[in-house]
Amino acid sequence: RLHLHAMHQLLHDNHKDAMGAYLRLLELFPGDLLALSLALDVSYALGDADAALRASTNVSTYWTERDGGTLRLSRTHPAQNMANSLIAVGLS
């Protein structure tokens, strides 16, 4: 539902509200890489580096834990490389 709300806002050229929807979505579902990718795209369109940073930090802990933490005790999740790349883009 939040994806649809964000897309609706983008269709109406309301990027700030769309960014808010994506940030909320990432708080609720930090594993949603589509939301992270779109949030980074919207933050780039807005020229808002702080929004990209917030989006990336919202999900970084989730993906670090999903990867087995610092000890890497579990197998790597298939989407881990994509998540790491998107997080790096958002942090930069």
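Structure: above.
Please read all numbers here as calculations on a predicted model, not as lab measurements.

Definitions and limits used
- Residues numbered from 1 in each chain as written.
- Predicted model: local features only at pLDDT ≥ 70, side-chain atom pairs only at ≥ 80, totals over all residues.
- Heavy atoms only, no water.
- Helix = DSSP H or I, 4+ residues; strand = E, 2+ residues; numbered from the N terminus.
- Buried < 20%, exposed > 50% of the residue type's maximum accessible area, 1.4 Å probe, protein only.
- Contact = heavy atoms within 4.5 Å.
- Expected span 1.5 Å × (residues − 1).
- Axes fitted to C-alpha atoms, helices over the stretch in contact; angles between N-to-C directions.
- Parallel < 35°, antiparallel > 145°, perpendicular 65-115°, else oblique.
- Left-handed = near helix turned anticlockwise from the far one by under 90°.
- Nonpolar A, V, L, I, M, F, W, Y, C, P; charged D, E, K, R; others polar.
- Polar contact = N/O pair within 3.5 Å; in protein donor to acceptor, adjacent residues only side chain to side chain.

A. Representation of the overall build of the protein chain within the structure. For the protein chain, the count of helices and strands is five helices and zero strands. Looking at the 92 residues of the protein chain, the share that counts as buried comes to 35%. Residue pairs in contact within the protein chain that sit at least 24 positions apart in sequence constitute 52% of those at least 6 positions apart.

B. Seen up close, unusual backbone geometry. Unusually for a residue other than glycine, Asp-13 sits at a positive phi of about 55 degrees. Positionally, Asp-13 belongs in the loop between helix H1 (2-11) and helix H2 (15-28).

C. Looking closely at H2. Its 14 residues place the ends of H2 20 Å apart at the C-alpha level, agreeing with the 20 Å of an ideal helix rising 1.5 Å per residue. Ala-18, Met-19, Ala-21, Tyr-22, Leu-23, Leu-25 and Leu-26 are the residues of H2 that are buried.

D. Expanded view of the packing of H2 against helix H3 (residues 33-46). Between H2 and H3, the least distance of the axes is 9 Å, while the angle of their chain directions is 150 degrees. In terms of orientation, H2 lies roughly antiparallel with respect to H3. Crossing hand, H2 versus H3: left-handed. Listed contacts from H3 to His-15, Lys-16, Met-19, Tyr-22, Leu-25 and Leu-26 of H2 are Ala-35, Leu-36, Leu-38, Ala-39, Val-42, Ser-43, Ala-45 and Leu-46. Residues belonging to the contact of H2 with H3 are distributed by class as follows: 11 nonpolar, two polar and one charged.

E. Up close: the environment of Asn-14. Looking at where Asn-14 falls in the secondary structure, it is placed in the loop between H1 and H2. A distance of 2.7 Å separates a polar atom in the side chain of Asn-14 from a polar atom in the side chain of Asp-17.

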